[in-house]
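Examining the three-dimensional arrangement
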Amino acid sequence: MSDAELVLRSTRVITPEGTRAASVAVSAGTITAVLPYGAHVPAGARLADFGDDVLLPGLVDTHVHVNDPGRTEWEGFWTATRAAAAGGITTLVDMPLNSLPPTTTVDGLRVKRAVAAGKAHVDVGFWGGALPGNVKDLRPLQEAGVFGFKAFLSPSGVDEFPPLDQEQLARSLAEIASFDGLLIVHAEDPHRLETAPQRGGPKYADFLASRPRDAEDTAIAQLIAQARRLHARVHVLHLSSSDALPLIAAAKADGVRLTVETCPHYLTLTAEEVPDGASEFKCCPPIREAANRDLLWQALADGTVDCVVTDHSPATADLKTADFATAWGGISGLQLSLAAVWTEARRRGHGLEDVVRWMSARTAALVGLDDRKGAIAAGRDADFAVLAPDETFTVDPAGLQHRNRVTAYAGKTLHGVVKSTWLRGERILADGEFTPPRGRLLTRTP
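Presented here is a report on the structure given in the accompanying data block. (Residues numbered from 1 in each chain as written. Predicted model: local features only at pLDDT ≥ 70, side-chain atom pairs only at ≥ 80, totals over all residues. Heavy atoms only, no water.)

We now examine the pairing of strand E6 (residues 59–64). Most of E6 sits inside the fold, with six of its six residues counted as buried. Pairing of E6 with strand E7 (residues 89–94) involves four bridges; the strand directions are parallel. The residue bridging Leu59 from the neighbouring strand is Ile89, located in E7. Handedness of the E6-helix H1 (residues 77–86)-E7 crossover: right-handed. (Buried < 20%, exposed > 50% of the residue type's maximum accessible area, 1.4 Å probe, protein only. Helix = DSSP H or I, 4+ residues; strand = E, 2+ residues; numbered from the N terminus. Pairing = 2+ DSSP bridges. Right-handed = clockwise from strand over helix to strand, strands pointing away.)

Right under this line is the structure:
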């Protein structure tokens with residue numbers, strides 16, 4: 001590592017080959033070598049020695065609603081990416097809706113990129129959107145560098161991003177398959193939702209009944225059938241229903257090009273603990289029962305579920321009313337996702353290597369960034385989080401970097417304190433202090 005400009009050293013470095021004591025050499029923002037712990041540090045190179053704190057690859061969160069421009073009072077690139085950095089996330093991919101305009105045309109993508117430029121503390125990529133009537137826009141968006149296309153099969157909650165019916169889904173998916181793109185899907189069947197009981201009010205049990213598991217199960221079955229027919233790449237967003245797991249496992253075994261994510265709130269929170277009127281816990285699909293949570297963890301362990309992402313979906317506090325029917329559905333999780341998942345994972349006997357696989361390696365692979373992100377290995381970007389895995393903290397909303405500090409995790413004690421975060425070999429966060437933004441806007445590799 002004679003040309004190294006920076007050497008990061010820890011007794012616990014998480015690499016694709018396992019956790020070991022190592023020195024990581026960095027030059028020009030790229031990892032050049034992973035060497036034994038006691039390797040010689042070249043003259044002139046900076047040394048950062050983290051002792052027994054864990055050096056892990058920066059997390060890659062592929063499901064984030066930044067909402068900027070248009071709904072910046074909900075969230076924005078400056079605040080969202082600061083929250084990401086505070087949580088050890090060094091790359092995020094922004095969803096195409098909740099901003100105005102949505103990212104459903106190349107012009108919309110240009111607007112989004114212009115707004116994000118200069119405000120991103122971490123690297124940022126963008127999803128495109130698949131809407132009724134925009135099939136003609138899909139290939140141009142792909143060529144402009146989006147990482148794939150999001151579609152809803154039931155109402156999205158915002159008028160400018162309507163859902164696809166089954167015929168529209170088939171048309172969009174056929175077009176996306178023609179250039180081997182990726183369709184990512186909010187899979188809840190609208191007909192099942194319409195026939196579910198809709199009582200409204202503050203009782204969480206009533207809200208849970210209004211978003212039944214079979215709405216997810218039916219929509220996922222329909223998506224699998226379409227993907228099988230077209231040999232298309234599809235990804236199920238924010239899986240909450242454990243009843244869908246046998247369908248998913250069978251489809252994967254049959255060779256359907258299917259991946260699946262779940263979220264920290266489905267893995268760490270339960271319906272039984274949600275107080276009535278506490279709409280900070282509202283999301284769609286909903287947080288379900290403890291037994292359902294156990295099955296999601298089993299599916300992560302056996303690979304039926306591929307990865308864990310936040311679905312960070314903030315709103316202003318006034319939209320989080322006590323009526324679950326009318327409150328905005330979304331949980332802000334960027335800053336707390338690593339600690340929340342690690343806290344529950346360690347309780348269940350999983351290690352940090354598992355968490356890195358679910359929240360960094362597989363998410364980077366999902367969007368085709370695994371040649372640059374998601375691992376501490378030569379040739380990858382020098383993106384790191386330094387974690388004290390045994391230290392704890394109690395979540396205080398006042399300490400969050402999100403623009404609106406509403407959180408379902410308030411008052412919870414979590415394991416795992418992020419001591420510093422590094423982007424391409426530069427420390428962007430240390431002891432709560434941020435550098436000026438230095439994130440890049442990413443495009444899909446052709």
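It is worth spelling out the side chain of Ser23 at this point. Looking at the element boundaries, Ser23 is found in strand E2 (residues 18–27). On the basis of relative accessible area, Ser23 is assigned to the buried category, the value being 0%. A distance of 3.5 Å separates a polar atom in the side chain of Ser23 from the backbone oxygen of Pro36. A distance of 2.8 Å separates a polar atom in the side chain of Ser23 from the backbone oxygen of Tyr37. (Polar contact = N/O pair within 3.5 Å; in protein donor to acceptor, adjacent residues only side chain to side chain.)

This next bit is on helix H7 (residues 213–230). Its 18 residues give H7 an end-to-end C-alpha distance of 26 Å, which sits within 8% of 26 Å, the value for a rise of 1.5 Å per residue. Here H7 has its buried residues at Ala215, Glu216, Asp217, Thr218, Ala219, Ile220, Leu223, Ile224, Gln226 and Ala227. Looking at the packing, one finds that the buried side of H7 touches helix H4 (166–178), strand E11 (182–186), helix H5 (190–195), strand E12 (233–236), helix H8 (245–253) and strand E13 (258–262). One or two residues past the end of H7 sits His231, with phi positive at roughly 50°. (Expected span 1.5 Å × (residues − 1). Contact = heavy atoms within 4.5 Å.)

Take the nonpolar core next. Ranked by internal contacts, the top residues of the largest apolar core, which has 101 residues, are Phe149, Leu183, Leu239, Leu258 and Val355. Counting 21 residues, the second-largest nonpolar core is a separate cluster that includes Met95, Ala364, Val367 and Leu369. (Core = buried A, V, L, I, M, F, W, Y, C linked by side-chain atoms within 4.5 Å.)

Look at H7 against H8: their axes get within 10 Å of each other, and the N-to-C directions meet at 10°. With respect to H8, the axis of H7 lies roughly parallel. Taking contact as the criterion, the partners of Asp217, Ile220, Ala221, Ile224 and Arg228 in H7 are, on H8, Leu247, Ile248 and Ala251. Tallied by class, the residues present in the contact of H7 with H8 amount to six nonpolar, no polar and two charged. (Axes fitted to C-alpha atoms, helices over the stretch in contact; angles between N-to-C directions. Parallel < 35°, antiparallel > 145°, perpendicular 65-115°, else oblique. Nonpolar A, V, L, I, M, F, W, Y, C, P; charged D, E, K, R; others polar.)

Here we take up helix H3 (residues 135–143). Buried within H3 we find Asp137, Leu138, Leu141 and Gln142. Buried residues of H3, viewed axially, fall in a sector of 135°; they line one side. Opposite the buried face of H3, by more than 90 degrees, sit the exposed residues Lys136 and Glu143. On the buried face of H3, the contacting elements are helix H2 (106–116), strand E9 (128–129), strand E10 (149–152) and H4. Just downstream of H3 lies Gly145, where phi reads positive at about 110°. (Arc of directions from axis to C-beta.)

Counted by the stated rule, this structure contains nine aromatic pairs. Between Tyr204 and Phe324, the ring centres sit 5.3 Å apart and the planes meet at 70°, which makes this aromatic pair edge-to-face. Here Tyr204, found in helix H6 (residues 204–210), pairs with Phe324, found in the loop between strand E14 (307–308) and helix H11 (337–347); they are 120 residues apart in sequence, far enough to count as distant. By relative accessible area, which is 3% here, Tyr204 ends up buried. Ring geometry for Phe207 and Phe324: centres 5.7 Å apart, planes at 20°, overall stacked. In this pair, Phe207 sits in helix H6 while Phe324 sits in the loop between E14 and H11, placing the two residues 117 residues apart along the sequence. The pair Phe207 / Phe324 is uniform in exposure class, with both members buried. By way of ring pairs, the aromatic residues Tyr204, Phe207 and Phe324 are connected into one cluster. A cation sits over an aromatic face here: Arg82 above Phe434, 4.0 Å from the ring centre. (Phe/Tyr/Trp six-rings, centres within 6.5 Å; stacked < 30°, edge-to-face > 60°. Lys NZ or Arg CZ within 6 Å of the ring centre and 35° of its normal.)

Attention shifts here to the environment of Ala291. Here Ala291 is to be found in helix H10 (residues 290–302). Looking at Ala291, the relative accessible area reads 52%, which means it is exposed. Separated by 49 residues in the primary sequence, Ala291 and Ser242 place their C-alpha atoms 9.0 Å from one another.

Turning our eyes to something else, we now look at the pattern of salt bridges. Counted according to the given criterion, the structure contains 28 salt bridges. Across the pair Arg424 and Asp123 runs a salt bridge whose closest N-O atoms are separated by 2.5 Å. With Arg424 in the loop between strand E16 (413–423) and strand E17 (426–430) and Asp123 in strand E8 (residues 123–126), this residue pair connects regions lying 301 residues apart in the sequence. Asp123 shares its class with Arg424; the two are buried. Notably, a salt bridge pairs Arg139 with Glu175, separated by 3.8 Å at the nearest N-O pair. Of the two residues, Arg139 sits in helix H3 while Glu175 sits in helix H4, which places them 36 residues apart along the sequence. Note on Glu175: relative accessible area 22%, which makes it partly exposed. Beyond isolated ion pairs, a larger network of salt bridges with shared partners links Asp123, Lys373, Asp381, Asp383 and Arg424. (Salt bridge = Lys/Arg side-chain N within 4 Å of Asp/Glu carboxyl O.)

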